[in-house]
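# Geometric and topological summary
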Amino acid sequence: MTPADLSRTVLHAVRRAVDEDALHAPVPARVRVERTRPGGSGDYACAVALQLAGPARLPALEVARILRDRVAADPGVGRVEITGPGFLSFTLAAPAEGDRAVLAAVREQGLAYGHGDALRDDNLQFHHAREVRAAVTAHAVRRLVIAQGARVRISCEEAPDPEWARLGVTVDAGGTPPAPLTGIRPVPAGAGAGELLERLGPDAARWGLLRAAGHDRAALGPELLVQGEANPLFLVRYAHARARALTRAAALLGFTSAPAPCGGSPTGPAATTAYDAAARPLLDLIADHPGVLLAGARHRAPDRVARQLEAVAHAFFDFHDSCPPLPAGDEKPSAAHRARLALAEAAGTVLAGGLSLLGIRAPEHL
């Protein structure tokens, strides 16, 4: 069960409680779940009972008890506890089941993993100055909100710079249109599109313009072209290329990450030895990816996606070095290798999908 799945499960429990007259309160549009903080109980926590206590005219602890009984029946939830003044704390079902669900979702959805319809009712109009960082940021935010179901147009205060097209930027209208506007106004880059393209090329220029938060200055120096792990863009693209290389090498060795013909799973009980402490951070980051994309869309913050990709790349290499996905020497491919390959491929898919939303290429070879 992914965090998004758990959020939907809790929301469904609220609807059931309202439909069954166990709870008299408006059903919220969404329910937020968060990873349990250090010292807390369970895998995730949710404050929805405190949110509903006032409208329901019940103590938060009573609301929590009503919801606990309904959430606990879900097969993906192992245990539900009530903590503090009325927080719901969830322990998911056996880790192998949760991991399997996450990797299956990545495999099924591909580059669209993490996309959704949370913003399907939003009809947006982004408006920005005639400045390259504002233009690139607005274009990236448009990709993010469209991936969450929104409809959006972009307008510029003046006629667009023709060089923006080489950065993949398009503008729907010039001037100020007669519609409610959302201003996209990051700190200006201090350089024009032509200069950045000449020095950095489109991919490095876009990464440099998007990686810093909008209120910070963008780092646009030659470090963006360094072919080394100290350069976050190189690290992210290298991790993606390495994940793709593992798939090609596994095919040459005669195995894939697909379930065995007998119906086994690459993340099933036979493969539990594939995942150790080095794998857990990577699995958690992949599970959190949909929430990061949604937060980036809601807050108009593509820098959140860039930081997520960096974290995935670091965790990928930690996992790769500790749990080699390919057999060595005379070793035969095993269920453990299939499980590790499945995780590596999922990481590569997340990296490619995130880069695509930022408008940056993810090369197969690097």
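We now turn to the structure provided with this report. Starting afresh in each chain, residues are numbered from 1 along the sequence in its written order. It should be noted that, the model being predicted, local features are given only for residues of pLDDT at least 70 and side-chain atom pairs only at 80 or more, the latter also being counted only at that level, while totals for whole chains, interfaces and linings use all residues. Calculated side-chain values reflect all of the structure's heavy atoms, with hydrogen atoms and water omitted.

Checked against the element boundaries, isoleucine 66 lands in helix 3 (residues 60–71). Using a 1.4 Å probe on the protein chains alone, a residue whose accessible area is under 20% of its type maximum counts as buried, one over 50% counts as exposed, and one in between counts as partly exposed. Given the relative accessible area of 11%, isoleucine 66 is considered buried. Once the C-alpha coordinates of isoleucine 66 and leucine 23 are considered, the two residues, 43 residues apart in sequence, prove to be 7.8 Å apart. Throughout, a residue-residue contact means that at least one pair of heavy atoms, one from each residue, lies within 4.5 Å. Residue contacts for isoleucine 66: discarding those within four places in its chain leaves Ala17, Ala22, Leu23 and Leu58. Starting at the N terminus, helices and strands are each numbered in turn, a helix being any DSSP run of H or I of at least four residues and a strand any DSSP run of E of at least two.

The subject of this paragraph is helix 2 (residues 48–56). Taken as a whole, helix 2 has its buried residues at Val48, Ala49, Leu52, Ala53 and Ala56. The arc that holds the buried residues of helix 2, viewed along the axis, is 135 degrees, so those residues lie on one side. Structurally, helix 2 contributes buried residues whose contacts are with helix 1 (3–19), strand 2 (44–46), helix 3 and strand 4 (87–92). Just downstream of helix 2, arginine 57 is the residue with a positive phi angle, here 55 degrees. Taken from the helix axis, the directions to the C-beta atoms give the arc we talk about.

So, about the pattern of salt bridges. Between side chains of opposite charge, a pair can form as their charged atoms come close. Salt bridges are counted wherever a side-chain nitrogen of Lys or Arg sits within 4 Å of a carboxyl oxygen of Asp or Glu. By the definition in use, this model includes 21 salt bridges. Glutamate 195 serves as the salt-bridge partner of arginine 199, at 3.4 Å between the closest nitrogen and oxygen. You can see arginine 199 and its partner glutamate 195 sitting in helix 6 (residues 193–211), four residues apart, about one turn around the helix. Through salt bridges with shared partners, a single network forms among Arg35, Asp99, Arg280, Asp284 and Asp288.

Here helix 6 is 19 residues long, yet its end C-alpha atoms lie only 17 Å apart, well below the 27 Å a rise of 1.5 Å per residue gives. Bending of helix 6 peaks at approximately 105 degrees at the position of glycine 201, with proline proline 202 no more than four residues after it. Expected span, for any helix, means 1.5 Å times one less than how many residues it has. Consider a residue and the seven residues that end there alongside the seven that start there; fitting an axis to each set, the bend is the angle between those axes.

Examined against the element boundaries, threonine 349 turns out to sit in helix 10 (residues 335–357). On the accessibility criterion, threonine 349 (14% relative accessible area) is buried.

Here the focus is the packing of aromatic side chains. Aromatic pairs are defined between Phe, Tyr and Trp rings, using the six-membered ring for Trp, whenever the two ring centres lie within 6.5 Å; interplanar angles under 30 degrees are classed as stacked, those over 60 as edge-to-face, and all others as tilted. Per the counting criterion, the structure on display carries three aromatic pairs. Taking the centre distance of 5.5 Å and the plane angle of 20 degrees together, the rings of phenylalanine 234 and tyrosine 238 count as stacked. Taken together, the residues phenylalanine 234 and tyrosine 238, both in helix 7 (residues 232–253) and four residues apart, mark about one turn of the helix. Here phenylalanine 234 falls in the buried class, since its relative accessible area comes to 13%. Of the aromatic side chains, those joined through ring pairs into one cluster are Phe234, Tyr238, Phe316 and Phe317.

Here we come to the side chain of glutamate 345. In this fold, glutamate 345 is placed in helix 10. Notably, glutamate 345 is buried but unbridged: the nearest opposite-charge side chain belongs to arginine 107, and the N-O separation is 4.1 Å. Nitrogen and oxygen atoms within 3.5 Å of one another constitute a polar contact, given that in protein one can donate a hydrogen and the other can accept it, and given that sequence-neighbouring residues count only through two side-chain atoms. There is a polar contact of 2.8 Å between the side chain of glutamate 345 and the side chain of threonine 247. For glutamate 345, the contacting residues outside a window of four places in its chain are Arg107, Arg244, Thr247 and Ser257. We treat Lys and Arg as the positive residues and Asp and Glu as the negative residues; His and chain ends play no part in the count.

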